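Survey of secondary and tertiary structure
For reference, the chains in residue letters:
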Amino acid sequence: MNRCVYDSVNVNCDGEQNDSKKWRSLIRQIFICSGLWTMYFTPGLFLGVPPVYIAQSRKISNSTEAVSAEMASWISSVFGYAAIPWVLILPLITQRFGRKVSFYFVTISSIASHSLLYCSTTLTEFFISEIITSITFASHTTLLMQVIAEYTSPRYRGVFLTLKGASMFWGIWIGNIIGTFYHWKYVGLIGLVCSVYCGTALFWPESPYWLASKRRYQECTEAHYWLKGYGTESRKELEMLINNKKNYNENTLRKRTLKFNKGFSELQSVIFTDEFYKPMLLTLTLYLLYYCSGKLVCNMYVLEIVTELTASESAAYLTMLVLDGVTVFGMYIGCLLSRIVKRRTLLFTCASNGVLFLYTVSLYLYLIKLEILEKNNIIIISLLTGFSICITIGPMLLLSTICAEIVPQKYNQLACCMVGLIDKIIFSIVLKLSPSLFRALGIHGSFLFYGVSSNIFVLILYKYLPETKDKTLQEIGNSFKNKWSNQSE
């Protein structure tokens with residue numbers, strides 16, 4: 001394919017492009033990702049609201065019964081339950097109408113949810129705003145990760161994917177800061193302004209992957225070169241993309257001539273192919289590792305956990321802000337490390353240290369309960385901070401990055417639905433049941449549970465997770481056709 005046909009200016013026919021073109025492509029990718037990062041930031045604001053909303057409501061009424069433990073668990077987990085239908089609907093919209101139209105829809109829902117949050121005066125209105133923002137939460141695993149993976153070059157994809165996680169936790173941190181010093185409703189105003197910025201999607205091209213799936217190869221080529229330039233790597237990726245999509249489209253067209261009663265058998269044959277079930281099982285394990293590490297639970301219930309451990313409300317608010325700050329800056333450290341360190345090395349090093357911190361926290365709290373050691377707030381906060389850093393740089397940072405890279409492009413729609421369901425179901429169950437876990441096992445027992453669970457999932461991933469750094473999506477998909485191994489191929 002002669003790319004000189006599409007742009008004869010500033011392009012050398014030897015397959016290279018000048019520096020200005022390279023920078024232009026990178027700036028275009030950053031521009032698109034800025035809207036995606038903002039869409040991760042706005043729900044992060046929502047996740048930062050429940051802890052301070054609960055605390056402010058109880059403080060105003062001077063009673064913990066103002067928001068019961070059961071109601072608090074629903075306030076913290078309703079996002080996930082309400083998002084479950086949307087993880088099935090959004091991939092259908094994305095596949096039918098494209099990535100841009102789907103992002104417009106998510107942007108409008110985000111504007112509506114933050115407007116209602118700012119105007120809320122009752123618990124019912126607050127709940128409705130949370131339910132509406134569940135559309136944005138559903139888009140994280142069904143649309144936004146997919147757009148970042150498809151719109152960015154393999155060289156920068158890992159950094160762009162990891163930065164979006166930092167954006168979400170910036171939102172949580174800022175939401176908690178606002179709730180600590182001001183009324184929680186101001187979170188809605190900031191979220192509204194950020195949601196309006198996401199309207200810059202009007203200037204995006206459509207995804208080359210989607211265009212190729214619709215047999216619009218000329219538009220696909222133009223969009224791909226606009227996004228990623230005319231370099232050798234870009235042309236190689238485009239060639240692989242079009243060839244794979246052509247083969248898949250031809251096979252799909254032939255299959256559509258089969259009778260409808262064979263549809264279920266075809267679905268079964270897809271699910272049990274190496275290219276589908278292997279990455280899906282790894283995705284499930286990655287999500288279990290992250291959520292069962294207790295990191296998100298600590299963020300959502302940090303005021304309750306630390307208040308019980310330290311018996312100090314001021315220490316609880318300080319710890320909440322410290323952990324949020326550590327999380328945000330840990331994400332940026334992880335982004336830097338992800339550029340120079342392989343995915344597997346970074347994931348397993350940090351996850352293993354995170355497990356050690358969980359065991360240490362559990363042991364320390366148990367010794368305090370037995371009155372062998374005296375309670376020391378500085379030690380408690382330090383251990384929680386160390387745990388937070390390790391999980392942030394490892395499982396939390398790399399979760400969506402690796403999942404976006406290993407999701408099978410050939411079965412993208414079905415895979416995105418399953419990833420979304422996995423995410424929201426585990427998210428909702430873990431947050432909903434965590435207060436019951438604290439009451440049943442105590443804080444020390446809960447941390448032991450998180451440590452043992454994480455340890456099991458780390459061992460599974462160590463054996464089966466392949467290396468994905470600096471590989472195209474087609475190369476990663478092809479690697480699952482071979483026998484699983486723990487080595488980078």
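Definitions and limits used
Residues numbered from 1 in each chain as written. Predicted model: local features only at pLDDT ≥ 70, side-chain atom pairs only at ≥ 80, totals over all residues. Heavy atoms only, no water. Helix = DSSP H or I, 4+ residues; strand = E, 2+ residues; numbered from the N terminus. Buried < 20%, exposed > 50% of the residue type's maximum accessible area, 1.4 Å probe, protein only. Contact = heavy atoms within 4.5 Å. Core = buried A, V, L, I, M, F, W, Y, C linked by side-chain atoms within 4.5 Å. Expected span 1.5 Å × (residues − 1). Bend = angle between axes of the 7 residues up to and from the residue. pLDDT = per-residue confidence, 0-100. Patch = residues over 30% accessible without salt bridge, like charges linked within 9 Å, V, L, I, M, F, W, Y side chains within 5 Å. Areas by Shrake-Rupley, 256 points an atom, 1.4 Å probe, with all protein chains shown as cover. Salt bridge = Lys/Arg side-chain N within 4 Å of Asp/Glu carboxyl O. Lys, Arg positive; Asp, Glu negative; His and termini not counted. Axes fitted to C-alpha atoms, helices over the stretch in contact; angles between N-to-C directions. Nonpolar A, V, L, I, M, F, W, Y, C, P; charged D, E, K, R; others polar. Phe/Tyr/Trp six-rings, centres within 6.5 Å; stacked < 30°, edge-to-face > 60°. Lys NZ or Arg CZ within 6 Å of the ring centre and 35° of its normal.

So, the overall build of the protein chain
- A count of helices and strands for the protein chain gives 18 helices and zero strands.
- Taken across its 489 residues, the protein chain has 58% of its residues classed as buried.
- Taking as baseline every contact in the protein chain between residues at least 6 positions apart, the subset at least 24 positions apart corresponds to 81%.

Section: the nonpolar core
- One finds Phe103, Tyr287 and Leu365 to be the most contacted residues of the largest nonpolar core, which totals 138 residues.
- The dominant element in this core, judged by the number of residues it contributes, is helix α1 (residues 19–61), at 16 residues.
- When near neighbours in sequence (up to four residues on either side) are disregarded, leucine 365 contacts Leu309, Ile380, Ile443, His444 and Phe447.

Thoughts on the side chain of serine 102
- Structurally, the position occupied by serine 102 is in helix α3 (residues 99–119).
- Those residues in contact with serine 102, other than ones at most four positions away along the chain, are Ile93, Thr94 and Leu143.

Comments concerning helix α4 (residues 123–151)
- The end-to-end C-alpha distance of α4 is 40 Å, a good match for the 42 Å that 29 residues give at a rise of 1.5 Å each.
- Its axis deflected by about 60° at serine 139, α4 carries its strongest bend there.

Details of helix α2 (residues 69–97)
- Compared with the 42 Å implied by 1.5 Å per residue over 29 residues, the 42 Å span of α2 between its first and last C-alpha is a close match.
- Of all the bends in α2, the largest measures some 55° and sits at serine 77.

Notes on the environment of leucine 363
- Locating leucine 363 in the fold gives a position in helix α15 (residues 343–369).
- A relative accessible area of 52% means that leucine 363 is categorised as exposed.
- For the pair formed by leucine 363 and glycine 445, sequence separation is 82 residues and the distance between their alpha carbons is 9.1 Å.

Here's the deal with the confidence of the model for the protein chain
- Scored by pLDDT, the protein chain has a mean of 81; 87% of the residues are at 70 or more.
- Overall, residues 253–264 carries pLDDT values under 50, and its contacts beyond four positions in sequence, including any with other chains, amount to three contacts.
- Note that residues 485–489 has pLDDT below 50 and, in this model, 10 contacts with residues that lie over four places away or in other chains.

Thoughts on a nonpolar patch on the surface
- There is a patch of nonpolar side chains on the surface, built from Tyr118, Ile177, Phe181, Tyr182, Tyr186 and Leu189 and spanning about 630 Å² of accessible area.
- Of all the elements in the fold, those that place two or more residues in the nonpolar patch are α5 (154–181) and α6 (186–197).
- Following the sequence through the fold, tyrosine 118 ends up in helix α3.
- With a relative accessible area of 35%, tyrosine 118 lands in the partly exposed category.

Section: the side chain of glutamate 130
- Positionally, glutamate 130 belongs in helix α4.
- As a buried residue without a salt bridge, glutamate 130 has its nearest oppositely charged side chain in lysine 432, at a separation of 13 Å.
- Residues in contact with glutamate 130, not counting those within four places in the same chain, are Phe46, Pro50, Ile75, Val78 and Phe79.

Some thoughts on the packing of α5 against α6
- One can describe the packing of α5 onto α6 by two numbers: an axis separation of 9 Å at closest approach and a directional angle of 145°. When α5 is examined against α6, the residues Ile174, Gly175 and Ile178 are found in contact with a partner set consisting of Tyr186, Val187 and Ile190.
- Across the contact of α5 with α6, the residue classes tally to five nonpolar, one polar and no charged.

Thoughts on the packing of aromatic side chains
- Applying the stated rule across the entire model yields 24 aromatic pairs.
- Aromatic side chains phenylalanine 348 and tyrosine 462 sit 5.4 Å apart centroid to centroid with 75° between the ring planes, which places their arrangement in the edge-to-face category. Of this pair, phenylalanine 348 sits in helix α15 while tyrosine 462 is found in helix α17 (residues 412–464), placing the two residues 114 residues apart along the sequence.
- Overall, phenylalanine 348 belongs to the buried group, its relative accessible area being 9%.
- Grouping aromatic residues by their ring pairs yields a cluster made of Phe46, Phe79, Phe137, Tyr287, Tyr290, Tyr291 and Phe427.
- Cation over ring: arginine 96 sits above phenylalanine 97, and NZ or CZ is 5.1 Å from the ring centre.

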